[in-house]
Structure formats: structure tokens, C-alpha cells
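As a plain string of letters, each chain reads:
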Amino acid sequence: MKKHNFSAGPSILPQSVLEKASEAVLNFNDLDLSILEISHRSKDFVEVMENARDLALKHLGLQNKGYQALFLQGGASMQFLMTAYNLLEQKAAYLNTGVWSDKAIKEAKLIGDVVEVATSKSDNFNFIPKNYAVPSDVDYFHCTSNNTIYGTQMHKFPNTDVPIVCDMSSDIFSRELDFSRFSLIYAGAQKNMGPAGTTLVVVKEDILGKVSRAIPSMLNYQVQIDKESMFNTPPVFSVYVSFLTLQWLEQEGGISSIEKVNNQKADMLYKEIDRNPLFKGYVANVEDRSKMNATFNLVNDQLKETFDSHAKAAGVSGINGHRSVGGYRASLYNALPLESVKVLVEVMQEVERGA
Ligand SMILES: *Cc1c(COP(=O)(O)O)cnc(C)c1O
């Protein structure tokens, strides 16, 4: 029996995508060759790359608006450095909402001055800071839309004239936003888009070419754009599976449809966390809760063994919290069916009845 997979990342992919991906490993596009053993310059793969880039922009409503989509390597972590390398001339502003923002700040400091506009670090990042000002004299403002580890999510973005750079690794394609407010979006594939190994970067071309330093080719967005994400051998399989997931999303009705299901899943789980006296949420303010990663704890840790064994028996997998937070974390990415959340809620209720 397939598990109810709440893993934070790498994480659940649609069953139909896994099936198509498996087929392509044996025989891709009826070529009688595996996708793993053909040239990335072959017509069949070049088409995959082109279609994947187009479809990513289409889902975000950014086609014909001066944006380019790239599939790069090095994970979201490489983007911490690459964004600064390409965009930071003097000074940049960062909102610090967790370990990932913290790491992005560390890399940017290698390149230029960083203003940390606000942080929730002293409360182990259990809320999203508000009422901060973005200085007008910075090259860009960087934020993390969803904090995978803590289960917080930005539901508002600042009104500012400076370019906004956003790490959307764990909530890309999960909800409708005016994506044209962002000048650069990046997302490691392995949370909500595909397998590990590639990172989607969506960049507005007119923000490039403004820094005075020489940029190494592999780290240069303009080079990657000019070479259509094929400056070197791309991570062929990760890009292909990401493409299949983007196609699946299209068949599901796109972001607006999946957002409705995501809202249902999050509502169902948070309602139970709030109702069930055995559990409490980790996030301090209800309005900062993430719809992708729900973090919660047992009120009484002595029930841990019972809860864990009930969860295991029901096929619930991947709900252990991140080591820096503890407790539990249920990730509710696009591919996770509503049915799985129902099962988790039933387990929580079972343990309540037995307690
Ligand atoms: C997982 C994650 C990262 C790190 O991604 P890598 O691809 O492993 O470098 C960065 N930011 C966020 C928000 C994440 O969830």
C-alpha cells in the first residue's frame, strides 16, 4: 500500500508522474532509448526543456512579460549566492524568517552590504515579522515566501519600488499571487515541483547587467538565458520529471484549482490541531501559518509513542518535525491528496479517544 507521504522534501509527487517517469527511464518517447541515455542536445530533450520553461512561466502568468525561466543546478542554496552575485552592487535588504533566509544573508554578505530589515530569530522563527520598512536605496529586497522548517508563510509582501527577490522553494505553484510583483523567484524542485537536482529560476531580464563585477559563467543568469538553460549538461531527469509535474498541474486546472484543494487540506488539519486538546500548533500567530507545512506538537510528550505507532499503522509517513523545531510537521504539497489529510486527522482523533 502506498504511504500517506507528508515528507517536507524531497517529497510526494503525483502517482501518474511517477508512472510516466518510470516509463521514460525504459523507453522515452518511443525512441527505444532511456531518457537517461540520450543527448541533452537531442530534439526530444530540447523540446522537454523548452516546454518546461514555457509551462513554468504560463502557470505563473508571466509569459510575454519580460521574464525568463531557467532550470539550473546547485539547489536553492546556490541561488543564495547567485542572486547576490548578479544583483548586489552595493547594498541589499533581507527579511530573516528562518534558517534558509539566514543562509541567504550569509552568502550575500560575501558580495556586498546587507541590511536585515527584521527577524524573528529570537523566537526560533515562529512568526513572520511585520511593520518593517524596505529602504529605498537598496539593490533589491530578499524574502522567503514559505518557511518550510517552522511552518510560517508570508501572506503579504511589502509594497516597494525596489526589485523583490523571493525564495519560493516550498510554496511555488501552490497559490495564486501577482507574480509580476517579483523580479526574481527561485525554487528548488524537490519541495513542490519535482525531484531534487534542479532549481527553477524565474527572472525579469531587465534587472540583469547592472553590477560592475565579472560574473563566472556558471553563475551568470545572462549566460544561462542565452544558452537556454543548457550552458552545460542540465540535470536531464530532474527537468523531465519537473516538466511532467507542471503538465499534471495543468491537467488539474492550474494554480487556481490546486489552491482550493490546498486550502481545504490546510483548513482540515489546522482545525483539528486547534480542536484536539492533545495537540498545539507551533506558529505563534494564526495568520502566519503555512498552508504547505503545518507544524504542531503534542501537549503531553508521553503520548509520543502512542501517536507515532498509530500514525505508522495508518500508513502516515514523514511527519517528524525538523530537528531545530522538534514535534511534528505535516507537509501538504500540491501532490498530497485530501484523503491523506483525512487519515492523519483520524489518527489524531483515535489517539484522543484512547488517551
Ligand atoms: C529546502 C529549502 C532550501 C534549500 O534547498 P536546496 O535545494 O537543498 O539548496 C532553501 N529554501 C527553502 C525555503 C527550502 O525549503
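If you're wondering where the values come from, they're calculated on a predicted model, not measured in any experiment. (Residues numbered from 1 in each chain as written. Predicted model: local features only at pLDDT ≥ 70, side-chain atom pairs only at ≥ 80, totals over all residues. Heavy atoms only, no water.)

Once that is clear, we can look at the packing of aromatic side chains. Across all of its chains, the model carries ten aromatic pairs by this definition. An aromatic cluster is present here, built from Phe279, Phe296, Phe307 and Tyr328 joined pairwise through their rings. (Phe/Tyr/Trp six-rings, centres within 6.5 Å; stacked < 30°, edge-to-face > 60°.)

Turning next to the UniProt feature "binding site: pyridoxal 5'-phosphate" (unreviewed entry) in the protein chain. The sites that UniProt annotates as "binding site: pyridoxal 5'-phosphate" (unreviewed entry) are Ala76, Ser77, Trp100, Thr148, Asp167, Gln190, Asn232 and Thr233. The annotated residues occupy 158 residues of the chain and do not converge on a single region, their most distant C-alpha atoms lying 30.3 Å apart. Mapping Ser77 onto the fold places it in helix H3 (residues 75–87). As for its position among the elements, Thr233 is in the loop between helix H6 (221–226) and helix H7 (236–251). Not counting chain neighbours up to four residues away, the residues in contact with Thr233 comprise His40 and Gln73. (UniProt positions renumbered as here; feature names shortened; annotations may be inferred. Helix = DSSP H or I, 4+ residues; strand = E, 2+ residues; numbered from the N terminus. Contact = heavy atoms within 4.5 Å.)

Quick look at the sheet that holds strand S12 (residues 293–298) now. Taken in spatial order, the three strands make up an open sheet running S11-S12-S14, and their pairing is antiparallel. Strands with a single pairing partner mark the edges of an open sheet, and in this sheet they are strand S11 (279–281) and strand S14 (328–331). Shown here is a sheet whose adjacent strand axes are inclined to one another by a mean of 35°, direction ignored. Bridging between S11 and S12 involves three bridges; their strand directions are antiparallel. Looking at the pairing, Gly281 lines up with Phe296 of S12. In this fold helix H8 (residues 254–275) packs onto S11, S12 and S14, with an angle of close to 20° to the strand it touches most, S12. (Pairing = 2+ DSSP bridges. Axes fitted to C-alpha atoms, helices over the stretch in contact; angles between N-to-C directions.)

We now examine H3. Given a rise of 1.5 Å per residue, 13 residues ought to cover 18 Å, and the 18 Å separating the end C-alpha atoms of H3 matches this to within 8%. Where H3 bends most, at Leu81, the angle is about 25°. With ten of 13 residues buried, H3 lies mostly within the body of the structure. (Expected span 1.5 Å × (residues − 1). Bend = angle between axes of the 7 residues up to and from the residue. Buried < 20%, exposed > 50% of the residue type's maximum accessible area, 1.4 Å probe, protein only.)

For strand S10 (residues 199–204), the buried fraction is high: five of the six residues fall into the buried class. Note that strand S2 (residues 67–72) and S10 share six bridges and pair antiparallel. The partner of Leu70 across the bridge, within S10, is Val201.

Below, the discussion takes up the packing of helix H2 (residues 43–59) against H7. Viewed as axis vectors pointing N to C, H2 and H7 meet at an angle of 45°, and their least axial separation amounts to 9 Å. It follows that H2 is oblique to H7 by the angle criterion. Between H2 and H7 the crossing geometry is left-handed. Together, Phe45, Val48, Met49, Asn51, Ala52, Leu55, Ala56, Lys58 and His59 of H2 and Val236, Val239, Tyr240, Phe243, Leu246, Gln247, Leu249 and Glu250 of H7 make up the contact between the two elements. (Parallel < 35°, antiparallel > 145°, perpendicular 65-115°, else oblique. Left-handed = near helix turned anticlockwise from the far one by under 90°.)

Our next topic: the state of the cysteines. Within this structure, the stated rule accounts for zero disulfides. In this model Cys143 remains outside any disulfide bridge; the closest cysteine sulfur is found in Cys166, 3.8 Å from its own. Here Cys166 falls in the buried class, since its relative accessible area comes to 0%. (Disulfide = S-S within 2.5 Å.)

So, on to the site of the ligand. Around the ligand sit 13 residues in total, of which Ser77, Thr148, Asp167, Gln190 and Lys191 are the nearest. Ala76 places a main-chain nitrogen or oxygen 3.0 Å from an oxygen atom of the ligand. In this structure, an oxygen atom belonging to the ligand sits 2.6 Å away from a side-chain N or O atom of Ser77. Of all the elements in the fold, those that place two or more residues in the shell around the ligand are H3 and helix H5 (189–192). A per-element tally of the shell around the ligand places H3 first, with four residues. Looking at side-chain class alone, the shell around the ligand contains three nonpolar, eight polar and two charged residues. (Near = heavy atom within 4 Å. Polar contact = N/O pair within 3.5 Å; in protein donor to acceptor, adjacent residues only side chain to side chain. Nonpolar A, V, L, I, M, F, W, Y, C, P; charged D, E, K, R; others polar.)

In this structure, Phe45, Phe141, Phe173, Leu200 and Val202 are the most contacted members of the largest nonpolar core, which totals 57 residues. It is H7 that provides the largest number of residues to this core, a total of nine residues. Among residues more than four places away in sequence, those in contact with Phe141 are Ala93, Tyr94, Leu95, Val117, Tyr132, Val134, Pro158, Val162, Pro163, Ile164 and Val165. The next biggest cluster of nonpolar side chains, apart from the first, holds 28 residues, and it includes Leu303, Ala330, Val341 and Val351. (Core = buried A, V, L, I, M, F, W, Y, C linked by side-chain atoms within 4.5 Å.)

Before going further, it helps to examine H7. Along its 16 residues, H7 runs 23 Å from first to last C-alpha, staying within 8% of the 22 Å computed at 1.5 Å per residue. In terms of burial, H7 is largely enclosed, as twelve of its 16 residues are buried. Inspection of H7 places Val236, Ser238, Val239, Tyr240, Val241, Ser242, Phe243, Leu244, Thr245, Leu246, Trp248 and Leu249 among the buried residues, and these make up the whole buried set. Looking one or two residues past H7, Gly253 carries a phi angle of roughly 105°, positive in sign.

On to the sheet that holds S2, then. Taken together, the seven strands give an open sheet; going across it, the order is S2-S10-S9-S8-S5-S3-S4, and neighbouring strands pair in mixed fashion. Both edges of this open sheet fall to S2 and strand S4 (113–119), since each of them pairs with a single strand only. Here the strands of the sheet are splayed against their neighbours by 15° on average, with no regard to which way each runs. The sheet contacts of H2 involve S2 and S10, and relative to S2 the element is tilted by about 125°. Relative to the sheet, H3 contacts S2, strand S3 (91–96), strand S8 (164–167), strand S9 (184–188) and S10, its axis offset from that of S9 by approximately 160°.

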